[in-house]
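What follows is the residue order along each chain.
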Amino acid sequence: MPVTTEKKADPVVNNSAPTPAPPTPQLELRDIHKEFNGVTVLKDVSVQVAHGEVVAFIGPSGAGKSTLLRCVNYLEVPSSGELLLEGKPAVAVASKPTRQELIALRRQVGMVFQGFNLFPHLSVLRNVALPQERVLGRSKAEAETRAMELLERVGLANKADARPTRCSGGQQQRIAIARALALDPSVMLFDEPTSALDPELGGEVLAVMQELASIGMTMLVVTHEMSFARRVSNRTVFMADGAIVEQGPPEQVFGAPQHQRTQRFLEAVLER
Ligand code: ADP
Ligand code: MG
């Protein structure tokens, strides 16, 4: 950059190009506090998630990971704090979501749980199509076309006509992922999606998640799969006792944890 004489007089002026404002996070949790019957389980937790970011949440049982994730789609209403999507509050009065706000929020934020919660009396295809018809008002034909696309993506097109009970646990979880994706969410939440599965079946679910991450889906993943967190997340957040203890790139959190609490946790889980 050429040196200008004009601005030289003022030592405070920074002559380099102005720093662009940081991009608005796609999702932000601001000071989320949660109590159950007077017992605090989240202590003013704040998290910002950028577009396309994959954030893994790790930590001991009871740390508040699931509760935090559930606050993101208001399955739990925070006792205080705010949830912002694209910089705007998702809920006008954070402690009192309206029905419309909940519907809008859950269209944007898909969730996959440990249990699959598929309808046993419906075919795999109908399990993925029905929510689209109910929530998005898609026609049956439209919904089933989209369902087939997604079943193909998770490698289960050949199970479309089967009942979920004829599918393995890993297949059922992949159907649950397809069902969530069918509503075209912009953020996906995963709460220990493989913890009910044998390692081999868990692996096929993790592969689908990794594929989703690679195509740029914004994901918040609570997981006990340390190798997955390390390999796939852009950021790993370690939580204990209702708070974030530390966070950073996975190579830092796993390779050089700063806090004793993190070190103790990682030693315990990685030794297993
Ligand atoms: P994690 O997912 O990290 O294991 P949770 O978010 O499930 O932790 O739980 C954090 C704490 O909140 C735990 O002490 C748990 O017992 C408590 N908790 C979670 N959900 C409820 C609830 N619905 N009612 C009362 N206590 C709850
Ligand atoms: Mg949990």
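Owing to the predicted nature of the structure, the values given are computational and were not obtained by experimental measurement. Note that residues are indexed from 1 along each chain, following the sequence as it is written. Key to labels: chains lettered from A, ligands numbered from 1, both in the order written. Given that this is a predicted model, residues contribute local features only at a pLDDT of at least 70 and side-chain atom pairs are listed and counted only at 80 or more, while totals for whole chains, interfaces and linings are drawn from all residues. Heavy atoms from the whole structure form the basis of all side-chain values; hydrogens and water molecules are not counted.

### Quick notes on the side chain of Glu-133
Then step 1. When you line up the elements, Glu-133 lands in helix 3 (residues 124-136).
Then step 2. Residue Glu-133 is classed as buried on the basis of its relative accessible area, which comes to 18%.
Then step 3. The residues contacting Glu-133, other than those within four sequence positions of it, are Arg-126, Arg-138, Ser-139, Lys-140 and Ala-143. A run of H or I in DSSP becomes a helix once it reaches four residues, and a run of E becomes a strand once it reaches two; helices and strands are each numbered from the N terminus. Think of it in three bands: residues with accessible area under 20% of the maximum for their type are buried, residues over 50% are exposed, and the middle band is partly exposed, with areas taken using a 1.4 Å probe on protein chains only. Here, residues are in contact when the closest pair of their heavy atoms is within 4.5 Å.

### As for the sheet that holds strand 2 (residues 39-49)
Then step 1. DSSP-based pairing: two strands are paired if at least 2 bridges between them are found. As summarised here, the arrangement of the 4 strands in space is 2-1-4-5, forming an open sheet in which the pairing is antiparallel. Looking at which strands have only one partner, the edges of the open sheet turn out to be strand 2 and strand 5 (88-89).
Then step 2. Pairing of strand 1 (residues 27-36) with strand 4 (residues 80-85), which is carried by 5 bridges, proceeds in the antiparallel orientation. In the sheet register, Arg-30 faces strand 4, and the bridge partner there is Glu-82.

### Here we look at the packing of aromatic side chains
Then step 1. Two rings belonging to Phe, Tyr or Trp (six-membered ring only in the last case) form a pair when the distance between their centres is within 6.5 Å. Interplanar angles under 30 degrees mark stacking, angles over 60 mark edge-to-face geometry, and anything in between is tilted. Following the criterion strictly, the structure yields 1 aromatic pair and no others.
Then step 2. Arranged with centres 5.2 Å apart and planes meeting at 40°, the rings of Phe-238 and Phe-265 form a pair that is tilted. Linking Phe-238 in strand 9 (residues 235-240) with Phe-265 in helix 9 (residues 260-271), this pair joins segments that are 27 residues apart in sequence.
Then step 3. Residue Phe-265 is classed as buried on the basis of its relative accessible area of 10%.

### Notes on the site of ligand 1
Then step 1. Proximity criterion: a residue is near a molecule or strand once any of its heavy atoms comes within 4 Å of it. In the vicinity of ligand 1, the contacting residues are Phe-36, Val-41, Pro-60, Ser-61, Gly-62, Ala-63, Gly-64, Lys-65, Ser-66 and Thr-67.
Then step 2. Within the contact set of ligand 1, an oxygen atom lies 2.7 Å away from a side-chain nitrogen or oxygen of Lys-65.
Then step 3. Computed with a 1.4 Å probe, the accessible areas rest on the Shrake-Rupley method; for each residue, only the protein chains presented here act as cover. Relative to its unbound accessible area of 560 Å², ligand 1 is 57% covered by the protein chains.
Then step 4. Ranked by residues supplied to the shell around ligand 1, first place goes to helix 1 (residues 65-72) with 3 residues.
Then step 5. Partitioning the shell around ligand 1 into residue classes produces 4 nonpolar, 5 polar and 1 charged. Under this definition, polar contacts are N or O atom pairs within 3.5 Å; protein pairs additionally need one hydrogen-donor-capable and one acceptor-capable atom, and for neighbouring residues in sequence, both atoms have to be side-chain atoms. Each residue receives one of three labels: charged for Asp, Glu, Lys and Arg, nonpolar for Ala, Val, Leu, Ile, Met, Phe, Trp, Tyr, Cys and Pro, and polar for the others, Gly being one of them.

Any link to function would need more than the numbers given here.
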